[in-house]
Every structure is written in structure tokens, then in C-alpha cells.
Amino acid sequence: MARPTDIVNALTAILLHAEAIRRRSTEQERAEVSESASHITYNARRIWRALEAAPK
């Protein structure tokens, strides 16, 4: 089983990568990329909340 720190590090990397892609997108790609980045962020937060709520 993964350690909590490994999961946090993975989530952080996913969020940073989504933001990097959003920032590098062209103006024409921005709407679609921003929507995808928002979905990634939303789901990462869901995982984070689930981890916080899990029994220790």
C-alpha cells in the first residue's frame, strides 16, 4: 500500500502538471484545456478529502 506522503506527492505532481499545461496552451486551446484542468483539480481534491477522512 502506498504511503500517504507518496499519494500527496503524486497529487501535487498531477496538479502542477495540469497547471503547466494550462499555462502553455494557446489562446485557441485555452477554453478546452482550462476545462480539463478544472476537472483534474476537482477530482484531485476529491481524493485529498477522501484521504483526510480515512481512518488513520
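Our structure is the block above this text.
Only a predicted model underlies this, so the values are computations on that prediction, with no experimental measurement involved.

A. Structural view of the overall build of the protein chain. Scanning the protein chain from terminus to terminus reveals 2 helices and 0 strands. Against the compact-globule benchmark of 10 Å for 56 residues, the protein chain has a radius of gyration of 14 Å, which places it well outside the compact range. Principal axes of the C-alpha set define a box for the protein chain whose edges measure 45 × 15 × 15 Å. Of the accessible surface of the protein chain, which amounts to about 4800 Å², a share of 58% is contributed by carbon and sulfur atoms. The positive charge centre, built from 9 side chains, and the negative charge centre, built from 7, are 7 Å apart in the protein chain.

B. Geometry of the environment of Val 8. Within the secondary structure, Val 8 sits in helix 1 (residues 4-24). Each C-alpha atom, one on Val 8 and one on Asn 43, is 13 Å from the other, the two residues being 35 residues apart in sequence.

C. Broad picture of the pattern of salt bridges. What the rule picks out here adds up to 3 salt bridges. Between Arg 22 and Glu 19 there is a salt bridge, and its shortest N-O distance comes to 2.6 Å. Taken together, the residues Arg 22 and Glu 19, both in helix 1 and 3 residues apart, mark about one turn of the helix. Take Arg 22: its relative accessible area is 26%, and that puts it in the partly exposed class. Across the pair Glu 19 and Arg 23 runs a salt bridge whose closest N-O atoms are separated by 2.7 Å.

Quick notes on the rules
- Residues numbered from 1 in each chain as written.
- Predicted model: local features only at pLDDT ≥ 70, side-chain atom pairs only at ≥ 80, totals over all residues.
- Heavy atoms only, no water.
- Helix = DSSP H or I, 4+ residues; strand = E, 2+ residues; numbered from the N terminus.
- Rg over C-alpha atoms; globule rule 2.2 N^0.38 Å.
- Areas by Shrake-Rupley, 256 points an atom, 1.4 Å probe, with all protein chains shown as cover.
- Lys, Arg positive; Asp, Glu negative; His and termini not counted.
- Charge placed at Lys NZ, Arg CZ, Asp CG, Glu CD.
- Salt bridge = Lys/Arg side-chain N within 4 Å of Asp/Glu carboxyl O.
- Buried < 20%, exposed > 50% of the residue type's maximum accessible area, 1.4 Å probe, protein only.

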